[in-house]
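# Chains, contacts and geometry: an overview
So the chains spell out like this:
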Amino acid sequence: MSVPEPARHGHATVDLTGSWTTGSVGEPAAPRIVASPQCNYSPSEWIIEQSGDSVHTWIFPDSHDQGIATPPAPRIAADGWVSGVDVVIGPPSARYVLRYDSTTGHLRGTLNGAPFWAVRFEIVRPEGCIPPP
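Everything quoted here is computed from the prediction, not taken from an experiment.

## A short note on the packing of aromatic side chains
- Enumeration over the complete set of coordinates arrives at three aromatic pairs.
- Residues Trp-46 and Tyr-96 carry aromatic rings whose centres are separated by 5.0 Å and whose planes lie at 25° to one another, so their mutual orientation is stacked. One end of the pair, Trp-46, is in strand 4 (residues 45–51); the other, Tyr-96, is in strand 9 (residues 96–101), and 50 residues separate them in sequence. The burial state of Trp-46 is the same as that of Tyr-96; both residues are buried.
- Ring plane angle 75° and centroid distance 5.1 Å describe the contact between Tyr-96 and Phe-116, whose orientation is recorded as edge-to-face. Placement of the pair is Tyr-96 in strand 9 and Phe-116 in strand 11 (residues 114–123), with a sequence separation of 20 residues. Taken as a pair, Tyr-96 and Phe-116 share a single burial class, namely buried.
- An aromatic cluster is defined as three or more aromatic residues linked by ring pairs; in this entry it consists of Trp-46, Tyr-96 and Phe-116.

## Details of unusual backbone geometry
- The backbone of Asn-112 sits at a positive phi, close to 55°, despite the residue not being glycine.
- Within the secondary structure, Asn-112 is located in the loop between strand 10 (106–111) and strand 11.

## As for the state of the cysteines
- All told, the structure shown has one disulfide when counted by the stated rule.
- Here Cys-39 pairs with Cys-129 through a disulfide, and the sulfurs are 1.9 Å apart. Here the disulfide of Cys-39 and Cys-129 is left-handed, its torsion about the S-S bond being about -75°. A residue pair is termed long-range when its members are at least 10 positions apart, and Cys-39 in the loop between strand 2 (32–35) and strand 3 (41–42) and Cys-129 in the segment after strand 11 qualify at 90 residues.

## Regarding the environment of His-9
- With respect to the helices and strands, the residue His-9 is situated in the segment before strand 1 (18–23).
- Owing to a relative accessible area of 52%, His-9 belongs among the exposed residues under this scheme.
- C-alpha separation for the pair His-9 and Tyr-96, spaced 87 residues apart in sequence, amounts to 18 Å.
- Not counting the four nearest positions on each side in its chain, His-9 is found in contact with Ser-83, Gly-84 and Asp-86.

## Some details on the pattern of salt bridges
- With the rule as written, the count across this model stands at four salt bridges.
- When the shortest N-O distance is used, the salt bridge between Arg-99 and Asp-86 registers 2.7 Å. With Arg-99 in strand 9 and Asp-86 in strand 8 (residues 86–89), this residue pair connects regions lying 13 residues apart in the sequence.
- With a relative accessible area of 46%, Arg-99 lands in the partly exposed category.
- Overlapping salt bridges bring together Glu-27, Asp-101 and Arg-108 as one network.

The rules we used
Residues numbered from 1 in each chain as written. Predicted model: local features only at pLDDT ≥ 70, side-chain atom pairs only at ≥ 80, totals over all residues. Heavy atoms only, no water. Phe/Tyr/Trp six-rings, centres within 6.5 Å; stacked < 30°, edge-to-face > 60°. Helix = DSSP H or I, 4+ residues; strand = E, 2+ residues; numbered from the N terminus. Buried < 20%, exposed > 50% of the residue type's maximum accessible area, 1.4 Å probe, protein only. Disulfide = S-S within 2.5 Å. Contact = heavy atoms within 4.5 Å. Salt bridge = Lys/Arg side-chain N within 4 Å of Asp/Glu carboxyl O.

In structure tokens, the structure reads:
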């Protein structure tokens, strides 16, 4: 699925700030996904911070706290812009060309020319978790 990169045609008409879960197939119908992971697990998430027509994003890979000192997983950051409901993020090597769907609340389009979707994501942590030693 090739989506031509849109031209900027006005100011952002949507606020994308928040946490998102992403995929390339099997897009869920729900406008938001809620995850309740086990105590020591953090699912991957895509964080978008929007300021006006500009966006800054970070990808946090999933991780398991195991009580062993390990270097933090690399976070992948990228910048982009929003014009109306069109979104373009990243350098040519990791280029997102997306459109916000106000009916579903999803972002949909391509990542490097391949199908891509993103749905708002909330992580609900269990109570009473004991931190790893």
